[in-house]
Structures are given as structure tokens and as C-alpha cells.
Amino acid sequence: MFLLYEYDIFWAFLIISSLIPILAFFISGVLAPIRKGPEKLSSYESGIEPLGDAWLQFRIRYYMFALVFVVFDVETVFLYPWAMSFDVLGISVFIEALIFVLILIFGLVYAWRKGALEWS
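The name recorded for the chain in an unreviewed UniProt entry is NAD(P)H-quinone oxidoreductase subunit 3, chloroplastic, from Streptocarpus teitensis. The UniProt entry for the chain carries the following text under Sequence similarities (unreviewed entry): "Belongs to the complex I subunit 3 family." Under the UniProt heading Subunit (unreviewed entry), the entry covering the chain gives this text: "NDH is composed of at least 16 different subunits, 5 of which are encoded in the nucleus."

Peer 1: Can you walk me through the overall build of the chain in this structure?
Peer 2: The secondary structure content of the chain amounts to five helices and zero strands. When burial is assessed residue by residue, the chain has 6% of its 120 residues classed as buried. Of the roughly 11,500 Å² that the chain leaves accessible, carbon and sulfur atoms contribute 73%.

Peer 1: It is not clear to me how helix α5 (residues 91-114) should be interpreted in this structure. Could you clarify?
Peer 2: Because each turn of an α-helix spans 3.6 residues, side chains separated by three or four positions end up pointing in the same direction. Over its 24 residues, α5 runs 35 Å from end to end, which matches the ideal 34 Å to within 8%, given 1.5 Å per residue. Within α5 the residues assigned to the buried category are V93, A97, L104 and A111. Packing partners of the buried residues in α5 comprise α3 (60-84) and α4 (86-89).

Thresholds, definitions, all that
- Residues numbered from 1 in each chain as written.
- Predicted model: local features only at pLDDT ≥ 70, side-chain atom pairs only at ≥ 80, totals over all residues.
- Heavy atoms only, no water.
- UniProt positions renumbered as here; feature names shortened; annotations may be inferred.
- Helix = DSSP H or I, 4+ residues; strand = E, 2+ residues; numbered from the N terminus.
- Buried < 20%, exposed > 50% of the residue type's maximum accessible area, 1.4 Å probe, protein only.
- Areas by Shrake-Rupley, 256 points an atom, 1.4 Å probe, with all protein chains shown as cover.
- Expected span 1.5 Å × (residues − 1).
- Contact = heavy atoms within 4.5 Å.

Here it is in C-alpha cells:
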């Protein structure tokens, strides 16, 4: 039988954890002073007057390295639970994990051949 009252702590935690940031934003919006002027609207660079344009272009290589890092970091997050419960889940989960890793290796080889991992 499905008992809904077992989830009371979950709902209380969800409501409280949602209300705290909402209240923090609301209180900071009410209490914050509103003063607009040229000093507030200028960019701040460690106390030094800014020189040149504030918009800089970054090379795409930086984003490619970051993207590859994120993909393999997420892969680790997905593979860890599989590794911890491998003996319980059986061979079908091993095959799924193997397919997952092979797809990621294929993507890594593709990025490597395209030169996305060369920093020059």
C-alpha cells in the first residue's frame, strides 16, 4: 500500500529549501540601496581605470577543452553507480556501460582527428 505520509519530510525539506533563496532575493531587493551614477555604471578592474573595450573574444579552443572535460566528468558520474552495483545488476548493465563508453571513445577519437584537442 502506498502511504503518502511517508513523504512529509521530503515535502517539508523541498518547501523550506525553495523558500530560503526566494526570501534571500526578496530581502536583498528590499534592503539594497538604489543609487545610480557614473561610478556604479562603470566596470571595475581592481581599482584601475578600465582601458579599452570590455568585450573580449576568446578562442574556441578554450571552449572545446572545457566541453571535452565536462563530457568525461559526467561520464564518471554515470559510470560510478554502475561500478558499485555491478555484481547485483548483471551482464546486461555491463553491456549498456560498454556501449556508453564506446560511444564516448568514438567521440573522443573524432574530436582528436578533427584537431579539437590541439592547443596551437
